[in-house]
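Residues per chain are reported as follows:
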Amino acid sequence: MDSFAFERPLWLYLIILVVICAYKCRAKESAIIFPHIDLLKKAADLKSFLPEFLKFTALIGTIVALAGPVFLDRSVEVKRKGHAIVLAIDASGSMRESGFDRNNLSLSKFDVVKELVKDFVKKRKNDNLGLIVFGSFAYVASPLTFNNDVIAKLLDYLDIGIAGQKTAINDALFESIHLLKSSDAKSKVVILLTDGIDTASRTPIDVVMKMAKKYHVKIYTIGIGDRRGIDENFLKWVAKRSGGAYFYAPNASVLKRVYEKIDQLEASKIKGAHFVKKEQLYQYPLFVAVLALLFFIYIYSKRGI
């Protein structure tokens, strides 16, 4: 967030003193410069305005410069020991089915999931996120990154069948854990979403679970759509063995609550370290003050005072 500020704002109180002095100290100043200056001022009010204006411009400009005006550019660098989360999304042929969102029955399950995942990603501002897409095989759509905008944009380019028509849950879990194994995050999480049963994996589930245990990866599994098409017992077993949890979502509104629940369960307590870039602006009021002072001196020198 960008903002304007003063490094030494107490100097600005001198402006009040200058304004007071402009009204209260005028008589004394006139007496020192020329005892009968009031008589001349009555005949030269217009001529005297410019020198007075320049004098106070020089004073106020100097005070503002002394107050240290700066333009602050606040940025956040996220500590890399918070949460590392991999989102594994089913993009198999069955995700083409519509009617999952009651408010828009024409949308496919995959389109609904993409939008809800985007919302989840945007909330995880301090986390390292990765994306796995799976169908007949699983592949890394995005490695771990702190730039959640990249993940959100990538989701727009994904489509049903991009990884084949079948479902390879074990392979998706394997690739997800493989992404997380080298992370030094305090919490490593896989969130796997599917609407089907594993029909294409080449990786045994025992290998997957041993990897999850070795690298301390917690797995949350989400089954969506028709319960008859989901192996809930398998998804529950995987989640429980890894210390995670299983969720079932028959429609979009429930799935939204599921992601909100996971967001709360894995709430990030890691705050970014704030760095402030300062752009000094004192030279601008100081330049105006010097310019006003030079004009002030020039005018009075021309008058012979």
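Everything numeric in this text was worked out from a predicted model, so none of it was measured.

Caption draft 1: Spotlight on the sheet that holds strand β6 (residues 187–194). Strand order in this open sheet of six strands is β5-β4-β3-β6-β7-β8, and the pairing throughout is mixed. Because the sheet does not close on itself, it has two edges, and the strands there are β5 (138–145) and β8 (246–249). Averaged over all neighbouring strand pairs, the angle between strand axes comes to 15 degrees, with direction disregarded. Two strands pair when backbone bridges link them, and β6 and strand β7 (residues 217–224) are joined in this way by seven bridges, in the parallel orientation. By the bridge assignment, Leu 193 is partnered in β7 with Ile 222. Helix α5 (residues 109–123) rests against β3 (83–90), β4 (128–134), β6 and β7 of the sheet, and its axis sits at about 170 degrees to β3. Running at roughly 155 degrees to β8, helix α10 (residues 252–265) makes contact with β6, β7 and β8 of the sheet.

Caption draft 2: How the structure looks around the nonpolar core. Within the largest apolar cluster, 35 residues are counted, with the highest numbers of intra-cluster contacts made by Leu 131, Ile 191, Ile 222, Ile 224, Leu 255 and Tyr 259. Looking at this core, the elements that each hand over two or more residues are β3, α5, β4, α6 (148–157), β6, β7, β8 and α10. Sorting elements by how many residues they give to this core places α5 first, with seven residues. Those residues within four positions of Tyr 259 in sequence are excluded, and the remaining contacts are Leu 116, Val 117, Phe 120, Ile 191, Leu 193 and Ile 222. Ranked by size, the runner-up nonpolar core spans 30 residues in total, among them Ala 138, Ile 205, Val 238 and Ala 239.

Cut-off values and rules
- Residues numbered from 1 in each chain as written.
- Predicted model: local features only at pLDDT ≥ 70, side-chain atom pairs only at ≥ 80, totals over all residues.
- Heavy atoms only, no water.
- Pairing = 2+ DSSP bridges.
- Helix = DSSP H or I, 4+ residues; strand = E, 2+ residues; numbered from the N terminus.
- Axes fitted to C-alpha atoms, helices over the stretch in contact; angles between N-to-C directions.
- Contact = heavy atoms within 4.5 Å.
- Core = buried A, V, L, I, M, F, W, Y, C linked by side-chain atoms within 4.5 Å.
- Buried < 20%, exposed > 50% of the residue type's maximum accessible area, 1.4 Å probe, protein only.

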